[in-house]
Each structure stands twice: as C-alpha cells, then as structure tokens.
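One letter stands for each residue in the lines below.
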Amino acid sequence: MPTDTADAESAPVTLTLASSLRVRDISWVWHRFVARRMVTFLDGDPGDGKTQIAIDLAVRVAGGYLMPDGTSWYGLSRGAPVVYLDLERQVEIATLPRLYAAGYRSGQPVHIWPEDVALSMPNQVDKVIATVQSVGGALVIVDTLVRSADEGLKLGDYQDASRISGAWDRVARETGAAVLLINHRVKSPVGDAMSRGYGSKGGLAGVARSMLGVSIDHGDPDAEDRRYYLEVVKASYRKIPPKLAYRIVRTDVDGVDDAGVPVVVETSRVDWLPDAEVVTAGLAKRRDREASEHRETMIALRVIGDGFTGTRLDLQAALVSGGITEARAGAVQRRVAVAQRASGARNAHTWVVRDAIASGASSSGARVPDGARVPSGGDALDAVALGDLGPMVADVGSRVWPGV
C-alpha cells in the first residue's frame, strides 16, 4: 500500500503560467559588474589584485561612494552593510590595513566573519543566510571560494561546483545581497580566462552565470608600475561593459605591533585608471604583427626602388639583404608588390608578385619594367596593404602583364 510520502513524490508539480509573471529589471551594486540577488565570481591569478578590488568595492558600498567607473548605485551617499568573509584568516595583518588604505572610516558598516568560526558550504548555508540577514548585508565577499567549500568537494567537478555555487546563489536570493566569490585561477599559461577559472569549463566556469576576471595589461610591459585590467568574462543577464584598467599601489597606514605600540604598516590598494586604454594579450600580438608587416613592406619598397629585374631567388636574396628574415622573405615576396601594372590596366597601382615571360626572363622569373615607379610617402603603404594582396596574387597566375 503506497505511503503518503510516495503519493507526494508522484504528485504533479503545479506549474506557473508565463503570463502571470512580471518582467523584472536587475538591481545593481555596480552597474553591469556586480548585481544584487546574484552570485558573481571574481577570478584571476594570485597577485593580480583580486582582494584589493574586492576591498575597494566593500569600502565604496559601505561608504556610499561612486563605483570605480563613475557609475552610481542605489546606496549612493548613504551606504549599505557589507559582510566580508576573510577565510584566509589574515584579517588584522592583511584585510584591515587594505580597508583603511582604500578609504575605510570607523563606523562604516563592514562586518568581518570571525576567524575562529569555520565555514563549510553548502552544509552551513542556513547559518550564512541568517548572519547576512541579521546585519542587512547588501554585499557579501568570500575570500577565497575554495576555502568555503565542504571538505571533499572539488571546484573543477561540475556536480561539486554546482552544489557550492548553488548554496551561495541561495544566500544571494534569500538575503537580496550581491555575493562576490574570489577565486584563484589555475597556474597555467594555456587556455582562456574561463578555462583557467579552476580547471575547466566543465567545473566552476561552467556553472557560473556572472564572472569577472583580472589580467595583466600588455600596453606597457616594461613600466615600473605594472598595469592590470578588470573585465566581465561571462555575463548571462547583461551587456558587457568596457574593460577597466588599474594599478596596485603601495601605501602606508597606521597600526600597532604585538605590544600595542603605534607603527606604520605597509599595505596596498587599487588605483583605478578609467580613461586608460586596455591592451589585451591578443591586441598586443596583433599590433606587433602589424608593425612587423609594416616594416617588411617598407623594406620591400626600398629593395624594389625604381625597378627590379631578376629571378624569384634574386628578389628573395635582396629582401634578406635588406633586413627581412630568411624565414619571412618568401612570404613577403609572394605578398608585396614587385611590378606596377601598365597604365589603364585593371587594378592599376596594385603591386603583386608574379611569374612573367618577358625580355628573356624564364617562366620562373620576376621582372619589373625599367620605367616602373614605386609610390612614395605614407599613403603608398595603403596601396600595398599586406592583407589586401593575397587574392591578387592568386589572380595573376603566369600571364604576361600588359605593357611589359
């Protein structure tokens, strides 16, 4: 005979008609970066400033200040309570100095999780919810995520990551707070920002709906003060905002030693650079490639001069003598101009590599008429842009050009 429990398990779920629901907008703590009632992961390599960013955000929320990009939020000027869980157990020697360096003032509602109280999620989710609700927390910061997980759970495993992030998601939904989870990337140069967010897209990054990432800025790699940038790596509910550059600045705050004697404590804070250009690794690589191709084009034009006659090997040797590496000379030879088409010919002023049968040159030779003139000046480079020449090379084949 079936039990009441069995009947309850088999009973159909009462569904909700979509038309009975209302479309709701997102409420932001930091517009397009950190949302209320949601979990946001802050991911990056150790030493890239994740904690400084989290602390800077905590001070802005507690003090009611503008966000780093100048945007306002619902608690502007009046502030809102922050719950900071320093699970690294370094509150007085690390977190507190950074709070004061970021502009924290006594009396602002930043509440620190006690160092002697362990945290184990998802087992203690009810305790966390009750604690956040007791102070009316608007922002909950967890530093770091891995230290909040129950023993035995792995963030790189999709099921385990779902359990942990689901518990924090429940904290966000039931308290109305924005939950910011700090996470260290795996120490590998391979893979994109999401893949390195604790192992694979199948783990933590796979369950995340909102993820911020910090990376090194490649705009000035030799600068004395290293620059970084913050970006929205993954966003399920919003348009992605521009990347935001920053530096980590060393500074001093007043403190005390173990005997209670006043001392100056060295610490650090984040210095935002909202107007600075952000140069990602991909952009830096593309600029280096464009600069290299520009240099190769200039060398090729100089080698060609007002005319060049010879075989392909002759041209390749001349390009190498001009400063192009032997490994690149063949590619440059195929892509850069060595003959100007006769006046009135199709695509006149386009410079291409070709096989020609003229003036005694062999079918494998390349020849430029003595009267050919190479464009000069900065505008000339536009006429021989490397990326535009590939199709023209294929079009030439081994035909004799008009006027040659």
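Residues numbered from 1 in each chain as written. Predicted model: local features only at pLDDT ≥ 70, side-chain atom pairs only at ≥ 80, totals over all residues. Heavy atoms only, no water.

K.L.:
Provide a residue-level description of the overall build of the protein chain, including the pertinent values.
P.N.:
Assigned secondary structure in the protein chain consists of 11 helices and 13 strands. Looking at the protein chain alone, contacts between residues at least 24 apart form 63% of all its contacts between residues at least 6 apart. Total accessible area computed for the protein chain in this model is approximately 21100 Å², and 50% of it derives from carbon and sulfur atoms. (Helix = DSSP H or I, 4+ residues; strand = E, 2+ residues; numbered from the N terminus. Contact = heavy atoms within 4.5 Å. Areas by Shrake-Rupley, 256 points an atom, 1.4 Å probe, with all protein chains shown as cover.)

K.L.:
Explain helix α7 (residues 281-304) to me, and be specific about the residues and the numbers.
P.N.:
Residues that lie three or four places apart on an α-helix share one face, since the helix turns once every 3.6 residues. Between its first and last C-alpha, α7 extends 35 Å over 24 residues, near the 34 Å set by a 1.5 Å rise per residue. Inspection of α7 places Leu-283, Ala-284, Glu-293, Glu-296, Thr-297, Ile-299, Ala-300, Leu-301 and Ile-304 among the buried residues, and these make up the whole buried set. (Expected span 1.5 Å × (residues − 1). Buried < 20%, exposed > 50% of the residue type's maximum accessible area, 1.4 Å probe, protein only.)

K.L.:
Tell me about the side chain of Glu-231, and name the residues and values.
P.N.:
With respect to the element layout, Glu-231 can be found in strand β9 (residues 227-235). You can call Glu-231 buried: its relative accessible area is 16%. What Glu-231 contacts, discounting residues up to four positions off in sequence, is Met-211, Leu-212, Gly-213, Ser-215 and Lys-243.

K.L.:
Give me the lowdown on the pairing of strand β4 (residues 82-86), citing residues and values where you can.
P.N.:
When you tally the buried positions in β4, you get 5 out of 5 residues, the bulk of the element. Alternating positions in β4 separate into two faces, Val-82, Tyr-84 and Asp-86 on one and Val-83 and Leu-85 on the other, with burial throughout. Once the chain exits β4 it traverses helix α3 (residues 91-101) before rejoining the sheet at strand β5 (residues 110-112), and the crossover so formed is right-handed. (Right-handed = clockwise from strand over helix to strand, strands pointing away.)

K.L.:
Got a sec to walk through the nonpolar core? Specific residues and values, please.
P.N.:
One recurring pattern in soluble globular proteins is that nonpolar side chains are buried together. Formed by 36 residues in total, the largest nonpolar core has its most connected members in Trp-30, Val-61, Ile-141 and Leu-230. If one sorts the elements of this core by residue count, helix α2 (residues 50-63) sits on top with 8 residues. What Val-61 contacts, discounting residues up to four positions off in sequence, is Val-29, Met-67, Trp-73, Gly-79, Ala-80, Val-82 and Leu-139. Listed in part, the 28 residues of the second largest apolar core include Leu-85, Ala-172, Leu-181 and Ala-208. (Core = buried A, V, L, I, M, F, W, Y, C linked by side-chain atoms within 4.5 Å.)

K.L.:
Just give me the short version of the packing of α7 against helix α8 (residues 312-322), but keep the residues and values in it.
P.N.:
Put simply, α7 and α8 touch, their axes get as near as 9 Å, and they point 120 degrees apart. With respect to α8, the axis of α7 lies oblique. You can see that α7 and α8 cross each other, and the crossing is right-handed. Contacts between α7 and α8 pair Ile-299, Ala-300, Arg-302 and Val-303 from the former with Leu-315, Ala-318, Leu-319 and Gly-322 from the latter. Here the contact of α7 with α8 is composed, by residue class, of 6 nonpolar, 1 polar and 1 charged. (Axes fitted to C-alpha atoms, helices over the stretch in contact; angles between N-to-C directions. Parallel < 35°, antiparallel > 145°, perpendicular 65-115°, else oblique. Left-handed = near helix turned anticlockwise from the far one by under 90°. Nonpolar A, V, L, I, M, F, W, Y, C, P; charged D, E, K, R; others polar.)

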